Amino acid sequence: MVGEALVAEHNVREVLGRIGEAALRSGRNPSDVSLMAAVKTRSAEEIEAVVGAGVAFIGENRVQEGEEHLAALSAAARSKCKIHFIGRLQSNKARKALLAFDSLDSVDSPDIARRLSRIAGEENAKKNVMIEVNCGEAQKGGIGTDEAKALGELIFTLPGLVLAGLMAVPPIEADPNETRPVFRRMKRLFEEIRSCHPAKESFVFLSMGMSNDYEVAVEEGATLVRVGTALFGQRRTI
Ligand SMILES: *Cc1c(COP(=O)(O)O)cnc(C)c1O
């Protein structure tokens, strides 16, 4: 734990430094960008360590693994972070996901949005959600850019859900600059949806950029970057 905490502190400081420099390069305020730790395959101790080092957002890919992490996390660490679901949202796990996590960032169809709204009503809950956008590249999850606007308008009308942002998971390129046009399109879409959002102040997350390309994402307007390997090292399994 002591070793992990030291490594985590070092890596968190390094990544936050690079985020800050990328923000300044593009005339942005470093404090407008938040760091999310993507924690698939990581231990509760590793999560504890990055939260201790100041990471306030945790991203979970699987409902069950997230529940295990939550059960093992100390109350002190839990109170210092928001836990977002960033994996594939399966309809048969929608209720568990809604109950376990602070935000569901991978809503990518009208069906799953309606289902989450119904469950939120049954559970007397109000939940932040984000739309996962597929930017036209070969990737599994996400809704197309045009459909994303319509999905946003649907979510505005659904009780129990608050649309808090957009998430993109573009493919990883050897040269992260190749992803720049995708990030730029996402930023434009974010502004378009924000312009018709009935509660603009709650629409704050443009979640894009991972270990390989988060600096480019920040230069193009990301407000949340999701980083795994640059914080924890190579994943053991997927
Ligand atoms: C794993 C994962 C990340 C982080 O990827 P790294 O390349 O390890 O930084 C970000 N977002 C999602 C949705 C992920 O599944």
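Residue numbers restart at each chain and count upward from 1, following the sequence in its written direction. Where local features are concerned, this predicted model is filtered to residues with pLDDT of at least 70; where side-chain atom pairs are given and counted, the filter is 80 or more; whole-chain, interface and lining totals use all residues. Neither water nor hydrogens contribute to the side-chain values; these are computed over all heavy atoms in the structure.

Break down the site of the ligand for me, citing the residues and quoting the values.
Here a residue is considered near a molecule or strand provided that any single heavy atom belonging to it is located within 4 Å of it. Around the ligand, the surrounding shell consists of Ala-38, Lys-40, Asn-61, Ile-86, Met-210, Ser-211, Arg-226, Val-227, Gly-228, Thr-229 and Arg-235. The side chain of Lys-40 places a nitrogen or oxygen atom 2.7 Å from an oxygen atom of the ligand. Throughout, the Shrake-Rupley method with a 1.4 Å probe supplies accessible areas, and for residues the shown protein chains are the sole cover considered. Burial of the ligand by the surrounding chains reaches 90%, relative to a free accessible area of 390 Å². Broken down by class, the residue content of the shell around the ligand amounts to four nonpolar, four polar and three charged. N or O atoms closer than or at 3.5 Å make up a polar contact, with two conditions inside protein: a donor-capable atom paired with an acceptor-capable one, and, for residues adjacent in sequence, both atoms drawn from side chains. Ten residue types, Ala, Val, Leu, Ile, Met, Phe, Trp, Tyr, Cys and Pro, are classed as nonpolar, four, Asp, Glu, Lys and Arg, as charged, and the remainder, Gly among them, as polar.

Give me the packing of aromatic side chains: which residues, what numbers.
Between 30 and 60 degrees the pair is tilted, below 30 it is stacked and above 60 it is edge-to-face, where a pair is any two Phe, Tyr or Trp rings, Trp via its six-membered ring, whose centres lie within 6.5 Å. Under the criterion given, the structure shown has three aromatic pairs. A centroid spacing of 5.4 Å and a plane angle of 25 degrees characterise the contact between Phe-85 and Phe-101, whose relative ring orientation is stacked. Note that Phe-85 is positioned in strand S3 (residues 82-85) and Phe-101 in the loop between helix H5 (94-100) and strand S4 (103-107), a separation of 16 residues in sequence. Judged on exposure class, the residue Phe-85 and its partner Phe-101 are both buried. Aromatic pair Phe-190 and Phe-203: ring centres 4.6 Å apart, planes at 20 degrees, arrangement stacked. Here Phe-190, found in helix H8 (residues 180-195), pairs with Phe-203, found in the loop between H8 and strand S7 (205-207); they are 13 residues apart in sequence, far enough to count as distant. Phe-203 carries the same exposure label as Phe-190, and that label is buried. For helices the rule is a DSSP run of H or I covering at least 4 residues; for strands it is a run of E covering at least 2, with both sets numbered from the N terminus onward. Relative accessibility decides the category of a residue: with a 1.4 Å probe and only protein chains considered, values under 20% of the type maximum give buried, values over 50% give exposed, and everything between is partly exposed.

So what's going on with the environment of Gly-160? Residues and values would help.
Here Gly-160 lies in the loop between helix H7 (145-157) and strand S6 (161-168). Judged by its relative accessible area of 14%, Gly-160 is buried. The spatial distance from the C-alpha of Gly-160 to the C-alpha of Pro-176 is 37 Å, given a sequence separation of 16 residues. Residues in contact with Gly-160, not counting those within four places in the same chain, are Ala-120, Ala-125, Lys-126 and Lys-127. Whether two residues are in contact is decided by their heavy atoms, any of which lying within 4.5 Å being enough.

Can you explain the packing of helix H6 (residues 110-122) against H7? Please cite residues and give values.
The axes used here are C-alpha line fits, helices contributing only the stretch in contact, and every angle between their N-to-C directions lies in the interval 0 to 180 degrees. Interaxial distance between H6 and H7 falls to 10 Å at its minimum, and their mutual angle equals 15 degrees. Considered as vectors, H6 and H7 are oriented roughly parallel to each other. The two elements H6 and H7 cross, and the hand of that crossing is right-handed. Residue-level inspection shows Pro-110, Ala-113 and Arg-114 of H6 in contact with H7, the latter providing Leu-151, Leu-154 and Ile-155. Partitioning the contact of H6 with H7 into residue classes produces five nonpolar, no polar and one charged. Here is the rule for angles: anything less than 35 degrees is roughly parallel, anything more than 145 is roughly antiparallel, 65 through 115 is roughly perpendicular, and the remaining ranges are oblique. Definitions for this section: a left-handed crossing has its near helix turned counterclockwise from the far helix by less than a right angle. A right-handed crossing has that turn clockwise.

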